[in-house]
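The chain contents come next:
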Amino acid sequence: MKMTRYLPEHGWQPYVVCATPVWGSPVEPGLLEQVAHAERLCLRDRDVAGTTARLVAPLKRVLRRASSRGHAPDGASASTPASPVRAPLSTRIARSLFIDSAEPWSRDVPAAAAAWARTVPLDVVFATGPPHSTLVAGARLAAELGLPYVAELRDAWGGNPGYQWPPGHRQGARSARLERETMSAASAVVAISGPIAEE
């Protein structure tokens, strides 16, 4: 949202669709003051990784307490060797079901924003990612409203190591297809670096 502070001086009034704060993510209230000029439509967060992390947090606390007392619950061993570093369980679950953790929220955006567009004057749809599912939502909203669509890539999509799935994984194939469709639909693409622009 922070970039919206620069738009009014160039003649653009921003209307922002955003999510309510994701559980476990840092919140900087001071940043909201910098974008007070932007009207906002906040849709309820549906972050998959955050929701999963919130649900398993009590179990993790029990396991941590048991481990700190020198014993583990039945079926587990306090002396089990450490396993290789892996992504958190919440992230692994999200990646097995969606292209990113925000995809369920992003699916709500086109309908909600199209309804809002009946009351505010829109000239262009600007979407920024990651999460890259927001770019998909932006493309779908622009198509529904018949407006130009601008995609901003703050990080790579296809060439991003965080967006790699095992060969043949369903979400990997979906992500590649959605990237092609979304970038092809854009009137313009803004990227933060030359390599991303070339890609």
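Throughout what follows, the structure given in this document is the object of discussion. Here the residue index of a chain counts from 1 through its sequence in written order. A pLDDT threshold of at least 70 governs which residues receive local features in this predicted model, and a stricter bar of 80 or more applies before side-chain atom pairs are shown or counted, although totals over entire chains, interfaces and linings include all residues. Only hydrogens and water are set aside when side-chain values are computed; all heavy atoms of the structure are taken into account.

All right, on to the pattern of salt bridges then. One side-chain nitrogen of Lys or Arg within 4 Å of one carboxyl oxygen of Asp or Glu is enough to make a salt bridge. Considering all chains together, one arrives at 3 salt bridges under this definition. A salt bridge links Glu-103 to Arg-107, with the shortest nitrogen-to-oxygen separation between them at 2.9 Å. With Glu-103 and Arg-107 both in helix H4 (residues 103-116) and 4 residues apart, this pair spans about one turn of that helix. Relative accessibility decides the category of a residue: with a 1.4 Å probe and only protein chains considered, values under 20% of the type maximum give buried, values over 50% give exposed, and everything between is partly exposed. Overall, Arg-107 belongs to the exposed group, its relative accessible area being 51%. The salt bridge partner of Glu-103 is Arg-174, with a shortest N-O separation of 2.7 Å. In this pair, Glu-103 sits in helix H4 while Arg-174 sits in helix H6 (residues 170-185), placing the two residues 71 residues apart along the sequence. An identical accessibility class is assigned to Glu-103 and Arg-174; each is buried. Residues joined by salt bridges that share partners form a network here, namely Glu-103, Arg-107 and Arg-174. Secondary structure is summarised from DSSP: a helix means a run of H or I of at least four residues, a strand means a run of E of at least two, and numbering begins at the N terminus for each.

Turning our eyes to something else, we now look at the side chain of Ser-133. Within the element layout of this structure, Ser-133 appears in helix H5 (residues 133-145). Any pair of residues with heavy atoms lying within 4.5 Å of one another is described as a contacting pair. Dropping the residues within four chain positions of it, Ser-133 is found in contact with Ile-99, Asp-100, Ala-102, Glu-103 and Ser-106.

Gly-129 connects to Pro-130 through a cis peptide bond whose omega is 15 degrees. Considering the arrangement of structural elements, one finds Pro-130 in the loop between strand E3 (125-129) and H5. Cis rather than trans, the peptide bond between Pro-130 and Pro-131 has omega equal to 0 degrees. Tracing the backbone shows Pro-131 in the loop between E3 and H5.

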